[in-house]
Each structure stands twice: as C-alpha cells, then as structure tokens.
Amino acid sequence: MIKKEITTGLPHRIPADLKKTLASAPAALAAWKDITPLARNEWICWIKGAKKDETRNHRIKRTAAELIEGKRRPCCWAGCIHR
C-alpha cells in the first residue's frame, strides 16, 4: 500500500482530522497540493482557531468544499497571526 503524504503549512502542522478529511476527498486533496504553503498555513490556522469542536468540524468540512470550489484561502478571515 502506498502511503500518501499530505503537505502541511508553515509554521503549522496539519491536524489529523483535516488530514483524514483531505485524504478521503481526492478533489480537495488535489487542490490542497496545488496551493502555496502560506495558503495551506492559513487554512490550518483558521481551523485551529475554532473555539468549539462543532465549529472546528464545520470549518474542516468547509475547507474541503471550498478547496473543491477553487478557493485558495479562507474567506472573510483576517489571516494567520503566525506569519
């Protein structure tokens, strides 16, 4: 079995729940691989910034859906403070 590596952001590491979602959605994974490390970092930071589990889960689903739609960064978010 070939293990697929999912590229992470900088400085953030990809969380397991996002990695699992991307691995199960080939179109989202392809889009994830196509965006820049800075863009990946912003998605990860946006997800990690959720205060509630339900918000985090919603953001993970939304990330996959929006990547498939062609969005390259989270909408309506000021950006990662860790740049």
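Residues numbered from 1 in each chain as written. Predicted model: local features only at pLDDT ≥ 70, side-chain atom pairs only at ≥ 80, totals over all residues. Heavy atoms only, no water.

1. What about the packing of aromatic side chains?
- Summed over all chains, the structure comprises one aromatic pair.
- Considering the side-chain rings of Trp43 and Trp46, the 5.8 Å spacing of their centres and the 75 degrees angle between planes classify their relative orientation as edge-to-face. With a gap of three residues between them, Trp43 and Trp46 both fall in helix H3 (residues 37–48), about one helical turn apart. Residue Trp43 shares its accessibility class with Trp46, and that shared class is buried. (Phe/Tyr/Trp six-rings, centres within 6.5 Å; stacked < 30°, edge-to-face > 60°. Helix = DSSP H or I, 4+ residues; strand = E, 2+ residues; numbered from the N terminus. Buried < 20%, exposed > 50% of the residue type's maximum accessible area, 1.4 Å probe, protein only.)

2. Description of the packing of helix H1 (residues 16–23) against helix H4 (residues 53–69)
- One way to put it is that H1 packs onto H4 with a least axis distance of 10 Å and a crossing angle of 35 degrees. Here H1 runs over H4; the crossing is right-handed. Every residue of H4 that contacts H1 at Asp17, Leu18, Thr21 and Leu22 is listed here: Arg56, Ile60, Thr63, Ala64 and Leu67. (Axes fitted to C-alpha atoms, helices over the stretch in contact; angles between N-to-C directions. Left-handed = near helix turned anticlockwise from the far one by under 90°. Contact = heavy atoms within 4.5 Å.)

3. Some words on H4
- For H4, which comprises 17 residues, the first-to-last C-alpha distance of 24 Å matches the rise-based estimate of 24 Å (1.5 Å per residue) to within 8%.
- Among all positions in H4, only Ile60, Thr63, Ala64, Glu66 and Leu67 are buried.
- Taken together, the buried residues of H4 touch H1, helix H2 (26–34) and H3.
- Of the residues one or two after H4, Gly70 is the one with positive phi, at around 105 degrees. (Expected span 1.5 Å × (residues − 1).)

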